[in-house]
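Residue-level listing of the chains:
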Amino acid sequence: MSSNHALFQRALERIPGGVNSPVRAFRSVGGEPFFTARADGACLWDVEGKRYIDYVGSWGPMIAGHNHPHVRAAVERAIQNGLSFGTPCPAEVTMAETITRLIPSIDVVRMVNSGTEATMSAIRLARGHTGRARIVKFEGCYHGHADAFLVKAGSGALTLGTPTSPGVPAALADLTLTLPFNDFEAATALFDAFGVEIAGLIVEPVPGNMNCIPPREGYLQHLRALCSRHGALLIFDEVMTGFRVALGGAQAHYGVTPDLTTLGKIIGGGMPVGAYGGRREIMQQIAPAGPVYQAGTLSGNPVAMAAGLAMLELIQQPGFHEELARRTRLLTDGLQAIADGEGIAFSTQRVGAMFGLFFTAQKVETYAQATATDTAAFNRFFQAMLERGVFLAPSAYEAGFVSSAHDEQIIAETLEAARGAFRAVKN
Ligand code: PLP
């Protein structure tokens, strides 16, 4: 079997940067990525047989752990009947009914194949519905890679250091207005200046692509009020937070009702799935019910729907999210105590089963504060954890994820690794 290094060399020859999604290349933390041979529960095993406790969870979907037997069995059953039909299938109806039951702000939902497709379609709908052209997003928020969002974007785009990707026409970027997250006055001022031109404001209600930054008390309510006052649609991008920070997503956790919601990750159970939905009269603008066009060869794919529905069954078990939040707290409190003991400037944040680690003593509430943390220290910590068999997101600007497979034993093992890793950070 090939080594990680040999595979990466081959990949570099034939895949841009050796990867099919930039953050996987470890550019921001240094070194080379490992190649996963298999995944189970809380762990990944690379092609050389090394085991890693995984806090990336395939970037979010694996909230019940990898290779969950319930999800796998659903997929195995579905593939007996064929992989794709190109006609409506029953599982799509069940999926739409499940999503609309779990997220009451969604009356009607359209399935797509990724989070990017969901957000891209949602802003087309916002523009079509309002007849306005401008959209508002936040610095450091990531909504996938559609042109309109690659303006001061988070995630991998943030570590590349260009405010807007080459290839995004200036004329299009000009339509995307950006705001600093958690700043009340800036949002009010922007809406005062541009309100009648704004089709929609899109926000990660708990930004997870500039590390993990919870909204200040009342901030999401403030955005809701501004959008209502100025006739713009409030779009919650819950691709990451949906079904994770609470069963009903961040909108349930914070009690704020958006007009449109975008989903992804968990609803696919590990298969490529996204969705967008919202108020009936807005969603009825989508073709063929209405004039705003959006389509997909593989949308509502029967195998993907089976995986997603099985995952949604798992997370509806009573107490599922409360237990995840408790485990996440065990992890972040444990890390904080070790860092404090070592005298390292370190802080953590968490909402439900989503967490952020910051190499700074301050509480981080803004993008400016997140980007001012000691990323070199994070990178040393990342490498030291990796060496000790713990895989954190390979960037100081990504949230971490805990799954139900991360039991107390796994968390204790992680904290043991962290003891050595924090010491390594100091030296
Ligand atoms: N929106 C958010 C909040 C995300 O975190 C992501 C991906 O990480 C996306 C959208 C894009 O989703 P995808 O990578 O499935 O296109």
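Please refer to the structure higher up on the page.
Residues numbered from 1 in each chain as written. Predicted model: local features only at pLDDT ≥ 70, side-chain atom pairs only at ≥ 80, totals over all residues. Heavy atoms only, no water.

Caption draft 1: Structural view of the sheet that holds strand E14 (residues 400-401). With respect to topology, three strands assemble into an open sheet ordered E11-E12-E14, the strand pairing being antiparallel. Two strands in the sheet have a free side with no partner beyond their single neighbour: strand E11 (347-351) and E14. Looking at chain direction, strand E12 (residues 354-358) and E14 are connected through two bridges and run antiparallel. Across the sheet, residue Phe355 finds its bridge partner in E14, namely Gly400. (Pairing = 2+ DSSP bridges. Helix = DSSP H or I, 4+ residues; strand = E, 2+ residues; numbered from the N terminus.)

Caption draft 2: Geometry of the packing of helix H12 (residues 320-342) against helix H15 (residues 408-426). Where H12 meets H15, the closest approach of the two axes is 9 Å, and the angle between their N-to-C directions is 25°. Comparing their axes, H15 and H12 come out roughly parallel. The two elements H12 and H15 meet at a crossing, and its hand is right-handed. Counting all contacts with H12, which are made through Arg326, Arg327, Leu330, Leu331, Gly334, Leu335, Ile338, Ala339 and Glu342, the residues of H15 involved are Glu408, Ile411, Thr414, Leu415, Ala418, Arg419, Phe422, Arg423 and Lys426. (Axes fitted to C-alpha atoms, helices over the stretch in contact; angles between N-to-C directions. Parallel < 35°, antiparallel > 145°, perpendicular 65-115°, else oblique. Left-handed = near helix turned anticlockwise from the far one by under 90°. Contact = heavy atoms within 4.5 Å.)

Caption draft 3: Highlighting the packing of aromatic side chains. Counted by the stated rule, this structure contains 17 aromatic pairs. Plain terms: the ring middles of Phe184 and Tyr219 are 5.1 Å apart, the flat faces sit at 75° to each other, and that makes the pair edge-to-face. Here Tyr219 lies in helix H8 (residues 219-230) and Phe184 lies in helix H7 (residues 184-194), a separation of 35 residues in the sequence. You can call Phe184 partly exposed: its relative accessible area is 25%. On the basis of an interplanar angle of 80° and a centroid distance of 5.0 Å, the ring pair of Phe346 and Phe422 is categorised as edge-to-face. Of this pair, Phe346 sits in the loop between H12 and E11 while Phe422 sits in helix H15, and the two are 76 residues apart along the sequence. Residue Phe346 is classed as buried on the basis of its relative accessible area of 3%. Pairwise contacts between aromatic rings join Phe26, Phe34, Tyr52, Phe378, Phe382 and Phe391 into one cluster. When the ring centre of Trp45 is taken as reference, the NZ or CZ atom of Arg38 above it lies at 4.0 Å. (Phe/Tyr/Trp six-rings, centres within 6.5 Å; stacked < 30°, edge-to-face > 60°. Buried < 20%, exposed > 50% of the residue type's maximum accessible area, 1.4 Å probe, protein only. Lys NZ or Arg CZ within 6 Å of the ring centre and 35° of its normal.)

Caption draft 4: Fine view of the side chain of Thr98. With respect to the helices and strands, the residue Thr98 is situated in helix H3 (residues 90-102). Those residues in contact with Thr98 that sit more than four places away from it in its chain are Leu309, Leu312 and Gln316.

Caption draft 5: Highlighting the pattern of salt bridges. Taken as a whole and judged by the stated rule, the model has twelve salt bridges. Two residues, Arg51 and Glu413, come together in a salt bridge whose shortest N-O distance is 2.8 Å. One end of the pair, Arg51, is in strand E3 (residues 51-54); the other, Glu413, is in helix H15, with 362 residues separating them in the sequence. The shortest N-O distance in the salt bridge between Arg327 and Glu323 comes to 2.7 Å. One end of the pair, Arg327, and the other, Glu323, are both in helix H12, four residues apart, so they sit about a helical turn from each other. Here Glu323 falls in the partly exposed class, since its relative accessible area comes to 27%. Connected through shared salt-bridge partners, Arg224, Asp259, Arg279 and Glu281 make up one network. (Salt bridge = Lys/Arg side-chain N within 4 Å of Asp/Glu carboxyl O.)

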